[in-house]
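The chain contents come next:
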Amino acid sequence: MYETEETIREKYKIKKQHIIEALEGIRTTVTWLETSIYQNIIEDVTFYISDAPINYPGQLEIDDEGDFKPIIYMNIMAIAEDYKNKEYLLDMKRLCVSCYEYAAFICLHEVGHLCHGLLGGKGRDKRDRLFDYFNRGEFYYERFIEEMKYGHTHEEKKRYRNIPHEKAADQFAFHNLNIMLAKLNKSMEKNE
């Protein structure tokens, strides 16, 4: 991210401005979450933001050994690339989206998985509930992988978005993105 605009454009085929917007969208979302009704849910979550050129924009991981440590990995390079490729059309089903909003949506999507797991999973503690949640969705992911031929076609991505856990996390992200943006807009108007 600290390379020149030209280097980023030539090497990675994305705009530096989109990387910066993605980072700001994630930072704003995490700050909002820390004061939202979800503050207790994310209190032990680590948000790990990376600019390594990898292929996924966000991912929730839970360490299955030791202390409960959920980590939400966010990749600003992958978000900027997906934004350039207009993935938001499938993910958010909207035509006009900024990279900032798209990054916030991706972050909220991963928090959505966490919330649904903690609320809907069965178990004695957070780890058990999350693993139960993911185990109950495994069938759909495995079926998707079995039927997948390429992994990146429009139809395959559309089918992936219809996996029940993905749909639920998308709905969580939509709902909370609208609340967050409305609150931020109100705050900006108040400061003017």
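Here we summarise the structure given alongside this text. What you see is a predicted model, and the numbers here were worked out from it, not measured in a lab. (Residues numbered from 1 in each chain as written. Predicted model: local features only at pLDDT ≥ 70, side-chain atom pairs only at ≥ 80, totals over all residues. Heavy atoms only, no water.)

### What to know about a negative patch on the surface
Here's step 1: A cluster of like negative charges, contributed by Asp63, Asp64, Glu65 and Asp67, occupies part of the molecular surface.
Here's step 2: Mapped onto the fold, glutamate 65 is located in the loop between β2 (58-62) and β3 (70-75). (Patch = residues over 30% accessible without salt bridge, like charges linked within 9 Å, V, L, I, M, F, W, Y side chains within 5 Å. Areas by Shrake-Rupley, 256 points an atom, 1.4 Å probe, with all protein chains shown as cover. Salt bridge = Lys/Arg side-chain N within 4 Å of Asp/Glu carboxyl O. Lys, Arg positive; Asp, Glu negative; His and termini not counted. Charge placed at Lys NZ, Arg CZ, Asp CG, Glu CD. Helix = DSSP H or I, 4+ residues; strand = E, 2+ residues; numbered from the N terminus.)

### Examining the pattern of salt bridges
Here's step 1: For the structure shown, the criterion picks out ten salt bridges.
Here's step 2: Close ionic contact of glutamate 101 with arginine 94 constitutes a salt bridge, the shortest N to O distance being 3.6 Å.
Here's step 3: On the basis of relative accessible area, glutamate 101 is assigned to the buried category, the value being 16%.
Here's step 4: Judged by its relative accessible area of 28%, arginine 94 falls in the partly exposed class.
Here's step 5: Among the ionic contacts, a cluster of salt bridges with common partners joins Asp91, Arg161, Glu166 and Asp170. (Buried < 20%, exposed > 50% of the residue type's maximum accessible area, 1.4 Å probe, protein only.)

### So, the packing of aromatic side chains
Here's step 1: Following the criterion strictly, the structure yields nine aromatic pairs and no others.
Here's step 2: Look at tyrosine 88 and tyrosine 102: their rings are 6.3 Å apart centre to centre, the planes differ by 70°, and that puts the pair in the edge-to-face class. Of this pair, tyrosine 88 sits in helix α5 (residues 88-91) while tyrosine 102 sits in helix α6 (residues 99-120); the two residues are 14 residues apart in sequence, bridging distant segments of the chain. Assigned by exposure class, tyrosine 88 and tyrosine 102 land together as buried.
Here's step 3: Pairwise contacts between aromatic rings join Tyr83, Tyr88 and Tyr102 into one cluster. (Phe/Tyr/Trp six-rings, centres within 6.5 Å; stacked < 30°, edge-to-face > 60°.)

### Some points on the nonpolar core
The nonpolar side chains of a soluble globular protein tend to be buried, and buried together.
Here's step 1: Ranked by size, the top nonpolar core spans 46 residues in total, and within it Ile19, Leu33, Phe47, Ile79, Tyr102, Val111 and Leu177 carry the most contacts.
Here's step 2: When contributions to this core are tallied by element, the ones reaching two or more residues are α2 (16-34), α3 (39-42), β2, β3, α4 (76-84), α6 and α9 (164-191).
Here's step 3: For valine 111, the residues in contact, after removing those within four places along its chain, are Leu33, Ile42, Phe47, Ile72 and Phe172. (Core = buried A, V, L, I, M, F, W, Y, C linked by side-chain atoms within 4.5 Å. Contact = heavy atoms within 4.5 Å.)

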